[in-house]
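# Per-entry structural report
Each chain, written out:
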Amino acid sequence: MKDFGRARRLASADQREAILAMYRTCCREGCDVPAYLAEIDHIEPWYPTGRTNLDNLAPLCAADNKWKSRYPDRVEVIDQGDGTVSMRFHRYSKLRPRHWTDRQ
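Described in the following lines is the structure provided in the data block. (Residues numbered from 1 in each chain as written. Predicted model: local features only at pLDDT ≥ 70, side-chain atom pairs only at ≥ 80, totals over all residues. Heavy atoms only, no water.)

### Quick notes on helix α1 (residues 13–22)
Because each turn of an α-helix spans 3.6 residues, side chains separated by three or four positions end up pointing in the same direction. When we look at burial in α1, the residues that qualify are Q15, A18 and I19. The buried residues of α1 occupy an angular sector of 100° when the element is viewed end-on, so they sit on one face. Exposed residues lying more than 90 degrees from the buried face of α1 are A13, D14, E17 and A21. Residues of α1 that are buried sit in contact with β1 (39–42) and β2 (57–60). (Buried < 20%, exposed > 50% of the residue type's maximum accessible area, 1.4 Å probe, protein only. Helix = DSSP H or I, 4+ residues; strand = E, 2+ residues; numbered from the N terminus. Arc of directions from axis to C-beta. Contact = heavy atoms within 4.5 Å.)

### Section: the pattern of salt bridges
Summed over all chains, the structure comprises four salt bridges. Of the charged contacts, one joins R88 and E29 as a salt bridge, the two residues approaching to 2.7 Å between their closest N and O atoms. Of this pair, R88 sits in strand β4 (residues 85–89) while E29 sits in the loop between α1 and β1, placing them 59 residues apart in sequence. The exposure class of E29 is partly exposed, given its relative accessible area of 33%. One continuous salt-bridge network, built from bridges that share partners, spans E29, E76 and R88. (Salt bridge = Lys/Arg side-chain N within 4 Å of Asp/Glu carboxyl O.)

### Quick look at unusual backbone geometry
Along the chain, Y47 connects to P48 via a cis peptide bond; the corresponding omega equals 15°. Inspection of the secondary structure puts P48 in the loop between β1 and β2.

### What about the nonpolar core?
Counting residues in hydrophobic clusters, the biggest one holds 15 residues, and the most contacted among them are Y23, C27, A58 and M87. Mapped onto this core, the elements with two or more residues apiece are β2 and β4. Setting aside chain neighbours within four positions, we find A58 in contact with I19, Y23, C27, E39, I40, D41, I43 and V85. (Core = buried A, V, L, I, M, F, W, Y, C linked by side-chain atoms within 4.5 Å.)

Printed below as a string of C-alpha coordinates:
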(Lines give C-alpha, C1' and ligand atoms only; values in the text may rest on other atoms or scores of the structure.)
Protein backbone atom coordinates (compact mmCIF):
# COMPACT_ATOMS: atom_id res chain seq x y z
CA MET A 1 0.00 0.00 0.00
CA LYS A 2 1.46 3.31 -1.05
CA ASP A 3 0.94 6.53 0.86
CA PHE A 4 0.98 9.62 -1.32
CA GLY A 5 1.54 12.36 1.24
CA ARG A 6 1.08 15.74 -0.42
CA ALA A 7 1.81 14.45 -3.95
CA ARG A 8 -1.77 13.39 -4.64
CA ARG A 9 -5.16 14.60 -3.34
CA LEU A 10 -7.43 11.69 -4.24
CA ALA A 11 -7.17 8.22 -2.72
CA SER A 12 -5.99 5.47 -5.03
CA ALA A 13 -8.05 2.38 -5.84
CA ASP A 14 -5.84 0.34 -3.48
CA GLN A 15 -6.34 2.84 -0.66
CA ARG A 16 -10.10 2.76 -1.26
CA GLU A 17 -10.11 -1.06 -1.05
CA ALA A 18 -8.16 -0.92 2.20
CA ILE A 19 -10.59 1.63 3.67
CA LEU A 20 -13.55 -0.54 2.65
CA ALA A 21 -11.92 -3.51 4.43
CA MET A 22 -11.58 -1.42 7.61
CA TYR A 23 -15.02 0.27 7.71
CA ARG A 24 -18.53 -1.07 7.19
CA THR A 25 -20.30 2.31 7.14
CA CYS A 26 -19.73 6.04 6.97
CA CYS A 27 -17.50 6.95 9.91
CA ARG A 28 -19.90 9.54 11.39
CA GLU A 29 -21.45 8.19 14.56
CA GLY A 30 -24.96 6.96 13.88
CA CYS A 31 -24.73 7.05 10.08
CA ASP A 32 -25.56 3.74 8.44
CA VAL A 33 -24.67 4.53 4.81
CA PRO A 34 -22.51 1.61 3.62
CA ALA A 35 -18.83 2.49 3.24
CA TYR A 36 -18.84 1.35 -0.39
CA LEU A 37 -21.31 4.17 -1.16
CA ALA A 38 -19.30 6.78 0.78
CA GLU A 39 -16.63 9.19 -0.37
CA ILE A 40 -13.07 8.66 0.87
CA ASP A 41 -12.32 11.78 2.88
CA HIS A 42 -9.21 13.19 4.54
CA ILE A 43 -9.50 13.24 8.34
CA GLU A 44 -7.12 16.20 8.48
CA PRO A 45 -8.17 18.23 5.42
CA TRP A 46 -5.85 17.90 2.44
CA TYR A 47 -5.62 21.65 2.12
CA PRO A 48 -3.48 23.12 3.53
CA THR A 49 -1.44 20.35 5.21
CA GLY A 50 -3.29 17.00 5.15
CA ARG A 51 -1.78 13.94 3.54
CA THR A 52 -3.27 11.27 1.32
CA ASN A 53 -2.08 8.47 3.58
CA LEU A 54 -4.14 5.51 4.69
CA ASP A 55 -4.09 6.65 8.34
CA ASN A 56 -5.59 10.02 7.28
CA LEU A 57 -8.46 8.61 5.20
CA ALA A 58 -11.96 7.51 6.21
CA PRO A 59 -15.32 7.01 4.48
CA LEU A 60 -17.92 9.75 4.82
CA CYS A 61 -21.24 9.74 2.99
CA ALA A 62 -21.76 12.72 0.67
CA ALA A 63 -24.04 14.57 3.10
CA ASP A 64 -21.66 14.15 6.05
CA ASN A 65 -18.63 15.06 3.94
CA LYS A 66 -20.36 18.28 2.86
CA TRP A 67 -21.29 19.08 6.49
CA LYS A 68 -17.72 18.43 7.67
CA SER A 69 -16.38 20.75 4.96
CA ARG A 70 -18.77 23.53 6.00
CA TYR A 71 -18.29 23.19 9.76
CA PRO A 72 -14.79 21.80 10.43
CA ASP A 73 -14.74 23.38 13.91
CA ARG A 74 -17.77 21.26 14.90
CA VAL A 75 -16.20 17.87 14.17
CA GLU A 76 -14.70 15.67 16.86
CA VAL A 77 -12.50 12.82 15.60
CA ILE A 78 -12.45 9.82 17.91
CA ASP A 79 -9.66 7.24 17.55
CA GLN A 80 -11.17 3.77 17.87
CA GLY A 81 -7.84 2.12 18.76
CA ASP A 82 -7.95 -0.32 15.84
CA GLY A 83 -6.68 1.98 13.09
CA THR A 84 -10.11 3.47 12.43
CA VAL A 85 -11.84 6.63 13.58
CA SER A 86 -15.37 7.78 14.14
CA MET A 87 -16.53 11.34 13.81
CA ARG A 88 -18.97 13.09 16.09
CA PHE A 89 -20.66 16.21 14.73
CA HIS A 90 -21.61 18.94 17.18
CA ARG A 91 -24.38 21.46 16.71
CA TYR A 92 -22.20 24.29 17.98
CA SER A 93 -18.51 24.99 17.59
CA LYS A 94 -16.32 23.35 20.19
CA LEU A 95 -13.99 26.35 19.92
CA ARG A 96 -16.60 28.99 20.73
CA PRO A 97 -16.29 30.42 24.24
CA ARG A 98 -19.19 29.64 26.52
CA HIS A 99 -20.19 32.91 28.10
CA TRP A 100 -22.15 31.41 30.99
CA THR A 101 -18.98 29.86 32.40
CA ASP A 102 -17.50 33.33 32.84
CA ARG A 103 -20.18 34.20 35.38
CA GLN A 104 -19.50 34.10 39.09
